[in-house]
Amino acid sequence: MYADICGMLGIQYPIIQGAMAWISDASLVSAVSEAGGLGVLATGHLDAEGCVKAVKEIRERTDKPFAVNIMLLSQLADELVQAVCEEKVPVVTTGAGSPGKYMKSFKDANIKVLPVAPSVAIAKRMEKDGADAVIAEGCESGGHVGKITTMALVPQVVDALNIPVIAAGGIADGRGMAACRMLGASAFQVGTRFLVANECTVHPNYKARIIKAKDIDTTTTGASTGHPVRVIRNRLARKFEELEKNNADTSELDALGRGALRKAVVEGDIDNGSVMSGQIAGLVNREQSAGEIIKEMYSQYKAILQGMDF
Ligand code: TUI
C-alpha cells in the first residue's frame, strides 16, 4: 500500500535527505527542507549542546519540517535524545541500532520516529516498538551498512510491515525513486547526491571525489568489527583491508578509524580520511542546489510514473 508520507511529515516531496555525520549540518538541512524535502541533521559528531545550537540555526533558516538523526552507536545518544525531546523537533530518524528504549520519550514529545532497518526482523521489531515508518536501507548506501541490497530488502520489508516503508540505498535520480516505488516504498532517502549540493559544506575535495567516482569505486571496510562501512577505496581503505586480512584485532582497527571521517570532511584529506559514499556515486556528476536536485529527481519520477501503463 502506498502511504501518504508527505502528509504524515508535512513535506511537499517524498524525498528525505540521509543523515551524514560531520556533513549534514544546518546549511544542508535547512536547504533541503526549505525546498520541500525533509532535511535531516546528523548528530553522530555532536554533543547535546551542539545539537541544540544546530536545531536553532535550522529554525532560523526555515519554518518547514526537518528531522534530527540519532546515531545509536554514539556514546552521547542519551543526552542527544533528551535534547531533541526538549526541543520538540518534528521528526527523528535513527541509525546503527534499535531506538526501542527511547520510543516513549519520543512519543511523549510528539515526535515522529523513522528508524533505519537493514533487515526484515529488525524492521518488524521497530514497528512493534512504535515506529511511524521504517527506512529500509540497502547495502548500496554509504557509511554503516547491512548485508542486503535495496532491491531485495524493500519488497520484503513492505510485505512484513503495516507501516509505511521509506527506501534507501542507491537512489540518486527519478529512476531510482520510481523503481523503489514499484517495490512498494512510499518515500525515498537520498544521501550521496546531496553530498554535492551547493549548500553542503563538506570539503571541496570530498565533493570532487564523489563527482569523479565510477560505479566500482566503493568498498566496505570494518566488517570484522561488526560495523561494516561503505567508503570510496583509498589509501586508508587499503590499510583497513590489509589489517583485516591479517586478522588484526578490533582495537587496532578502531584506532585507524578514529577521526578518519573528520579528516576527509573537514580537512579534505581524501587519501587518508574516510570518504563515505554510496555505490550510486558514479551517477552523481555535478553540483546543483538542493532545490534543483529535489525538483529534478521528482519531475523525472513523475514523468516515469505518468508514462506507465497502469
Ligand atoms: O547508521 C547508518 N550509517 C552510518 S552511521 C555512521 S558513523 C559510524 N562510523 C563507524 C562505524 C559505525 C558507524 C556512518 N554511517 N545507517 C543506518 C544503518 N542502521 N545502517 C545499519 C543500521 C542498523 C544496524 C543494526 C540499524 C539497526 C540495527 O539494529 C541492530 C539491533 O540489534 O537492533
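Residues numbered from 1 in each chain as written. Predicted model: local features only at pLDDT ≥ 70, side-chain atom pairs only at ≥ 80, totals over all residues. Heavy atoms only, no water.

Observations concerning the sheet that holds strand β10 (residues 218–221)
Right, so step 1: Strand order in the open sheet formed by three strands is β7-β11-β10, and the pairing between neighbours is antiparallel. If you trace the sheet from one side to the other, it starts and ends with β7 (143–144) and β10, each paired once.
Right, so step 2: Pairing of β10 with strand β11 (residues 229–232) involves four bridges; the strand directions are antiparallel. Looking at the pairing, Thr-220 lines up with Arg-230 of β11. (Pairing = 2+ DSSP bridges. Helix = DSSP H or I, 4+ residues; strand = E, 2+ residues; numbered from the N terminus.)

Remarks on the layout of surface pockets
Right, so step 1: Estimates place the volume of the second largest pocket at around 150 Å³.
Right, so step 2: What lines the second largest pocket is Ala-172, Asp-173, Arg-175, Arg-193, Leu-283, Val-284, Asn-285, Arg-286, Gln-288, Glu-296 and Gln-300.
Right, so step 3: Across the lining of the second largest pocket, the residue classes tally to three nonpolar, three polar and five charged. (1 Å grid on protein atoms, 1.4 Å probe; cavity = no way out; pocket = protein on both sides within 12 Å on 5 of 7 lines; lining within 4 Å. Points joined across faces, edges and corners; volume = space filled by probe spheres on them. Nonpolar A, V, L, I, M, F, W, Y, C, P; charged D, E, K, R; others polar.)

As for a nonpolar patch on the surface
Right, so step 1: Together, Met-182, Ile-304 and Met-308 make up a nonpolar patch on the protein surface, roughly 240 Å² of accessible area in all.
Right, so step 2: Mapped onto the elements, Met-182 comes out in helix α8 (residues 174–182). (Patch = residues over 30% accessible without salt bridge, like charges linked within 9 Å, V, L, I, M, F, W, Y side chains within 5 Å. Areas by Shrake-Rupley, 256 points an atom, 1.4 Å probe, with all protein chains shown as cover. Salt bridge = Lys/Arg side-chain N within 4 Å of Asp/Glu carboxyl O.)

Points about the environment of Glu-137
Right, so step 1: Counting through the fold element by element, Glu-137 comes out in strand β6 (residues 134–137).
Right, so step 2: Spatially, the C-alpha atoms of Glu-137 and Ile-5 are 17 Å apart, while their sequence positions differ by 132 residues.
Right, so step 3: Residue contacts for Glu-137: discarding those within four places in its chain leaves Val-116, Ala-117, Pro-118, His-144, Ile-148, Leu-153, Ala-168 and Gln-189. (Contact = heavy atoms within 4.5 Å.)

Let's talk about the side chain of Ser-30
Right, so step 1: Mapping Ser-30 onto the fold places it in helix α2 (residues 26–34).
Right, so step 2: There is a polar contact of 3.3 Å between the side chain of Ser-30 and the backbone oxygen of Ser-27.
Right, so step 3: Contact partners of Ser-30, with chain neighbours within four places excluded, come to Ile-58, Arg-61 and Thr-62. (Polar contact = N/O pair within 3.5 Å; in protein donor to acceptor, adjacent residues only side chain to side chain.)

Overview of the site of the ligand
Right, so step 1: Ala-96, Val-116, Arg-125, Glu-137 and His-144 are the nearest of the 17 residues found near the ligand.
Right, so step 2: One of the side-chain nitrogen or oxygen atoms of Arg-125 is found 3.1 Å away from an oxygen atom of the ligand.
Right, so step 3: At a separation of 2.9 Å, a nitrogen atom of the ligand approaches a polar backbone atom of His-144.
Right, so step 4: Computed on the free molecule, the ligand has an accessible area of 720 Å², of which 73% lies beneath the protein chains in the complex.
Right, so step 5: Here the shell around the ligand takes three residues from helix α6 (residues 120–129), the largest share from any one element.
Right, so step 6: Its residues placed into classes, the shell around the ligand shows nine nonpolar, six polar and two charged. (Near = heavy atom within 4 Å.)

Some thoughts on the sheet that holds strand β8 (residues 165–168)
Right, so step 1: One open sheet accounts for eight strands, arranged β1-β9-β8-β6-β5-β4-β3-β2; its pairing is parallel. Two strands lie at the open edges of the sheet, namely β1 (15–17) and β2 (39–42), each paired on one side alone. Strand-to-strand twist across the sheet, computed as the mean angle between neighbouring axes with direction ignored, equals 25°.
Right, so step 2: One ladder, built from three bridges, connects β1 with strand β9 (residues 187–190); its direction is parallel. Each residue of the ladder has a partner; that of Gln-17, found in β9, is Val-190. (Axes fitted to C-alpha atoms, helices over the stretch in contact; angles between N-to-C directions.)

Brief notes about unusual backbone geometry
Right, so step 1: If you check the backbone angles, Ala-96 has positive phi at about 65° while not being a glycine.
Right, so step 2: Inspection of the secondary structure assignment puts Ala-96 in the loop between β4 (91–95) and α5 (103–108).
Right, so step 3: A positive phi angle, close to 65°, is found at Asn-110, a residue other than glycine.
Right, so step 4: Summarising the element assignment, Asn-110 is placed in the loop between α5 and β5 (112–117).

A few points about the packing of α8 against helix α14 (residues 290–307)
Right, so step 1: At a closest axis distance of 7 Å, the pairing of α8 and α14 adopts a crossing angle of 50°. The angle between α8 and α14 places the two elements in the oblique class. The crossing of α8 and α14 is right-handed. In this structure, α8 contributes Gly-174, Arg-175, Met-177, Ala-178, Arg-181 and Met-182 to the contact, and α14 contributes Met-297, Tyr-298, Gln-300, Tyr-301, Ile-304 and Leu-305. (Parallel < 35°, antiparallel > 145°, perpendicular 65-115°, else oblique. Left-handed = near helix turned anticlockwise from the far one by under 90°.)

Details of the nonpolar core
Right, so step 1: Among the nonpolar cores identified, the biggest contains 79 residues, and Val-68, Ile-70, Val-84, Phe-106, Val-134, Phe-194 and Tyr-206 are the most heavily contacted of them.
Right, so step 2: Once residues lying within four places of it in the same chain are set aside, the contact partners of Phe-194 are Ile-15, Gln-17, Met-20, Leu-28, Val-32, Cys-200, Ala-290, Ile-293 and Ile-294. (Core = buried A, V, L, I, M, F, W, Y, C linked by side-chain atoms within 4.5 Å. Buried < 20%, exposed > 50% of the residue type's maximum accessible area, 1.4 Å probe, protein only.)

Here we look at the environment of Arg-258
Right, so step 1: Note on placement: Arg-258 falls in the loop between α12 (250–257) and α13 (260–265).
Right, so step 2: Assessed through its relative accessible area of 62%, Arg-258 is described here as exposed.
Right, so step 3: Remark: the alpha-carbon pair of Arg-258 and Gly-273, spanning 15 residues in sequence, is separated by 9.7 Å.

Quick look at helix α11 (residues 235–245)
Right, so step 1: Of the positions making up α11, those classed as buried are Leu-236, Ala-237, Phe-240 and Glu-244. End-on view of α11: buried residues confined to an arc of 100°, all on one side of the axis.
Right, so step 2: Elements that come into contact with the buried residues of α11 comprise β10, β11, α12 and α13.
Right, so step 3: The positive-phi residue at the C-terminal boundary of α11 is Asn-247, with phi of around 55°. (Arc of directions from axis to C-beta.)

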